[in-house]
Amino acid sequence: MSEMIRILGIDPALRSAGWGVIEADAAGRLAFVAAGEIKPDAKLDMGARLACLHEALMAVLAEFRPAMAAVEETFVNANPRSALLLGQARGVCLMAPASAGLPVAEYPANSIKKAVTGVGHADKRQVQAMIRVLLPKAGNQGSDAADALAVAICHSHHAGAARVGAQARRSA
């Protein structure tokens with residue numbers, strides 16, 4: 001059996017950021033480790049909310065010790081203020097694993113949905129349903145945690161392909 005790699009997926013948000021940890025091997029086998037949602041108090045000022053997000057992500061990193069991380073890219077929003085707020089949260093979501101020394105990949109939402117459901121424009125219910133199929137031990141996760149698990153699964157496909165390619169180059 002090949003080595004399992006632990007991957008953290010993050011669905012960035014300021015109201016409810018999802019995180020999910022899976023293990024994957026080069027053969028594509030997946031195992032659920034943990035998932036959850038980080039919900040900073042909306043009554044706090046922006047700096048305190050971002051600090052809450054950072055502290056919670058650092059606690060996830062310390063507890064589950066992933067080898068790599070992946071973050072969903074920002075969806076371009078018609079509302080510039082909403083896009084800016086999401087961008088600030090996303091910056092924290094990128095910085096936390098990077099500051100822990102992890103490589104951090106980024107994927108667009110359509111690529112993540114396609115990796116999990118086979119359809120790039122799947123809705124949240126479809127993603128949640130496929131997470132239950134692909135990771136039965138995950139149970140019924142909230143939509144943000146399910147999205148984060150989908151990010152991790154998407155990265156496992158890309159990271160697995162990269163490992164197979166690296167092994168082929170080494171043996172050539």
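About the thresholds
Residues numbered from 1 in each chain as written. Predicted model: local features only at pLDDT ≥ 70, side-chain atom pairs only at ≥ 80, totals over all residues. Heavy atoms only, no water. Helix = DSSP H or I, 4+ residues; strand = E, 2+ residues; numbered from the N terminus. Buried < 20%, exposed > 50% of the residue type's maximum accessible area, 1.4 Å probe, protein only. Pairing = 2+ DSSP bridges. Axes fitted to C-alpha atoms, helices over the stretch in contact; angles between N-to-C directions. Arc of directions from axis to C-beta. Polar contact = N/O pair within 3.5 Å; in protein donor to acceptor, adjacent residues only side chain to side chain.

This paragraph deals with unusual backbone geometry. Peptide bonds are mostly trans, and most non-glycine residues show a negative phi. We note that Arg65 has phi near 45°; this positive angle belongs to a residue other than glycine. Along the chain, the position of Arg65 falls in the loop between α1 (46-64) and β4 (68-72). Residue Arg65 is classed as exposed on the basis of its relative accessible area, which comes to 65%.

Attention now moves to the sheet that holds strand β5 (residues 104-107). Strand-to-strand pairing in sheets goes through backbone hydrogen bonds, with the strands running parallel or antiparallel. Read from one edge of the open sheet, five strands run β3-β2-β1-β4-β5, paired in mixed fashion. Across the chains shown, the open sheet's two edge strands, defined by having one partner strand only, are β3 (30-38) and β5. Strand-to-strand twist in this sheet, taken as the mean axis angle between neighbours without regard to direction, amounts to 20°. Summarising the sheet, β4 and β5 pair through four bridges and their orientation is parallel. Paired with Ala69 across the strands is Val104, a residue of β5.

A word on helix α4 (residues 124-134). Among the residues of α4, Val127, Gln128 and Ile131 are the ones counted as buried. Viewed along the axis of α4, the buried residues span an arc of 100°, placing them on a single side of the element. When the buried face of α4 is taken as reference, the exposed residues oriented beyond 90 degrees from it are Arg125 and Val133. Among the residues of α4, the N-terminal cap falls to Asp123, whose side-chain oxygen and the backbone nitrogen of Arg125 are separated by 3.1 Å.

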